[in-house]
Amino acid sequence: MIEKIWFGHHPVRFLLWPLLWPLSVLFRLVSQARKRAFQAGQKKRYKAPIPVVMVGNITAGGNGKTPLVVWLVEALQKQGFKPGVVSRGYGGKAPVYPLVLQSDTPTAHCGDEPKLIHQRTGAPVAVAPKRSQAVQALLPLGVDVIITDDGLQHYALERDIEFAVVDGVRRFGNEQFMPLGPLREPLSRLSEVDFIVTNGGQAQYGELAMHLSPSLAVNLVTGQQVSVSQLHALVAFAGIGYPARFFNTLEALGAKTVLTQGFADHQEYQYSELEALAQHGANVIMTEKDAVKCAAFAQENWWYLPVSAQFSSPDEQRILDKIKEVMEPYGSPSA
């Protein structure tokens, strides 16, 4: 319902407006006061000895931050750098923080997005409620640049480059602050970031267009890869910020879906509920983010669809040039 109020024109918005508007005003005042306190030095900020690239957004919900983080990591690895990734670890609760991920770290400890990034890129990943602690945990591993998955509003960590990811279809909804709307910060905040990355839709002036390109479906048990259109009677589910994006992608690929089911972002799945869903079709397909949580109990007819961020060559080069520019003054991480 809240999504319909934020991004649609559901009539209930008129009923909830008097209740949510004062809370929205309070949220804006508190968040902006907190930001000013950090900028004025009233609250302590951590400055890492290596560059920090912040990837985030100014709205609540899934905009495509994690695919951008993966793209940045892989692009920097190809250039010979050793990026490390830090995250808050939403959806996970570790026995101790900071937690540096290993190949067998359960998603229940680290969260689904950090697990996906580590599994996909092989880069060092650390999670902690205080991102500065996660950064410090990665420094002994020899990383020479930090990429943060989310955290644009985490002003306790200084940053050298900021990316703001925008949903190109939904944009900023009703342009109101939470909980009346999806905004975490005012639209004017976009003028302060280095790159505005628009995921899908139509990029506006000054924005970089990012597209999520799907590959072949991957079997969770066997690793077999096939075209989505070859899988019949598909039951599709997604526990991401905007499940409709996944379902639209499947439709564009010619998927033969019999049922689609959206779940809350960072949903913790139980085998019994997914098995009940699976009974409606011959195959099950999910996002890669969901797959890292379902691998332990996956069945042979369960598949996931990886997607990769793509930019035009000029935009890609512009991003890499900016990162190299800010890295030069730091010199060698061992210096």
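Keep in mind that this is a model prediction, so the values were computed, not measured. Residue numbers here run from 1 along each chain, matching the order of that chain's written sequence. A pLDDT threshold of at least 70 governs which residues receive local features in this predicted model, and a stricter bar of 80 or more applies before side-chain atom pairs are shown or counted, although totals over entire chains, interfaces and linings include all residues. Just so you know, side-chain values use all the structure's heavy atoms and leave hydrogens and water out.

A.B. asks: Let's hear about the packing of helix 3 (residues 65-78) against helix 5 (residues 112-121): which residues, and what values?
C.D. replies: As a packed pair, helix 3 and helix 5 sit with axes 10 Å apart at the nearest point and diverge in direction by 30°. What the angle tells us is that helix 3 and helix 5 run roughly parallel. Of the two possible hands of crossing, helix 3 and helix 5 adopt the one that is right-handed. Between helix 3 and helix 5, the residues in contact are Thr66, Val69, Val70, Val73, Glu74 and Gln77 and Glu113, Leu116, Ile117, Arg120 and Thr121, respectively. In this classification, Asp, Glu, Lys and Arg are treated as charged, Ala, Val, Leu, Ile, Met, Phe, Trp, Tyr, Cys and Pro as nonpolar, and every other residue, Gly included, as polar. Of the residues assigned to the contact of helix 3 with helix 5, the class counts are five nonpolar, three polar and three charged. All axes are obtained by fitting lines to C-alpha atoms, using only the stretch in contact for helices, and the reported angles, taken between N-to-C directions, cover 0 to 180 degrees. In this text, helices come from DSSP runs of H or I with a minimum length of four residues, and strands from runs of E with a minimum of two, each type numbered from the N-terminal end. These descriptions rest on fixed angle ranges, namely under 35 degrees for roughly parallel, over 145 for roughly antiparallel, 65 to 115 for roughly perpendicular, and the rest for oblique. By definition, turning the near helix anticlockwise from the far helix through less than a right angle yields a left-handed crossing, and turning it clockwise yields a right-handed one. The contact criterion used is simple: two residues touch if any of their non-hydrogen atoms lie within 4.5 Å.

A.B. asks: Pulling in residues and values, what's your account of the domain arrangement of the protein?
C.D. replies: Assigned domains of the protein: these are domain 1 (43-211 + 310-328) and domain 2 (216-305). Where each domain begins and ends is defined by an automated method or by a domain database. The C-alpha-based centres of domain 1 and domain 2 are spaced at 25 Å. Contacts between domain 1 and domain 2 engage 14 residues on the former and eight residues on the latter. Summing the contributions of domain 1 and of domain 2, the shared interface buries around 1100 Å²; its carbon and sulfur component is 53%. When a carboxyl oxygen of Asp or Glu lies within 4 Å of a side-chain nitrogen of Lys or Arg, that pair is called a salt bridge. For the interface between domain 1 and domain 2, the tally reads four salt bridges. Across the pair Glu113 and Lys289 runs a salt bridge, and its minimum N-O distance is 2.8 Å. Two N or O atoms form a polar contact when they lie within 3.5 Å of each other; inside protein one atom must be a possible hydrogen donor and the other a possible acceptor, and for residues adjacent in sequence the pair counts only when both atoms belong to side chains. For the interface between domain 1 and domain 2, the tally reads five residue pairs in polar contact (both at pLDDT 80 or more). Counting residues per element, the side of domain 1 that touches domain 2 draws most heavily on helix 5, at six residues. Of the residues that constitute the side of domain 1 that touches domain 2, the class distribution is two nonpolar, six polar and six charged. Simply put, the buried area is the total loss of 1.4 Å probe accessible area from both parts when two parts are fitted together.

A.B. asks: Account for the UniProt feature "binding site: ATP" (unreviewed entry) in the protein, naming residues and giving values.
C.D. replies: Under the UniProt annotation, the feature "binding site: ATP" (unreviewed entry) is placed at Thr59, Ala60, Gly61, Gly62, Asn63, Gly64, Lys65 and Thr66. Accessibility here uses a 1.4 Å probe with only protein chains present; expressed as a share of the type maximum, an area under 20% marks a residue as buried, one over 50% as exposed, and anything in between as partly exposed. By relative accessible area, Thr59 is classed as buried at 2%. Other than its neighbours up to four places away in sequence, Thr59 contacts Arg171, Phe172, Pro182, Leu183 and Arg184. Inspection of the secondary structure assignment puts Gly62 in the loop between strand 1 (52-56) and helix 3. The contacts of Gly62, once residues within four sequence positions are left out, are Asp167, Arg170, Gly241, Tyr242 and Arg245. UniProt positions are given in the numbering used here, feature names are shortened, and annotations may be inferred rather than shown by experiment.

A.B. asks: Break down the pattern of salt bridges for me, with residues and values.
C.D. replies: A side chain of one charge can pair with a side chain of the opposite charge when the charged atoms of the two come close. Tallied over the entire structure, the rule returns 15 salt bridges. Two residues, Arg184 and Asp150, come together in a salt bridge whose shortest N-O distance is 3.4 Å. Highlighted residues: Arg184 in the loop between strand 6 (161-167) and strand 7 (195-199) and Asp150 in the loop between strand 5 (145-149) and strand 6, separated in sequence by 34 residues. On the accessibility criterion, Asp150 (9% relative accessible area) is buried. A salt bridge links Glu162 to Arg159; the nearest nitrogen and oxygen atoms lie 2.6 Å apart. Judged by its relative accessible area of 8%, Glu162 falls in the buried class.

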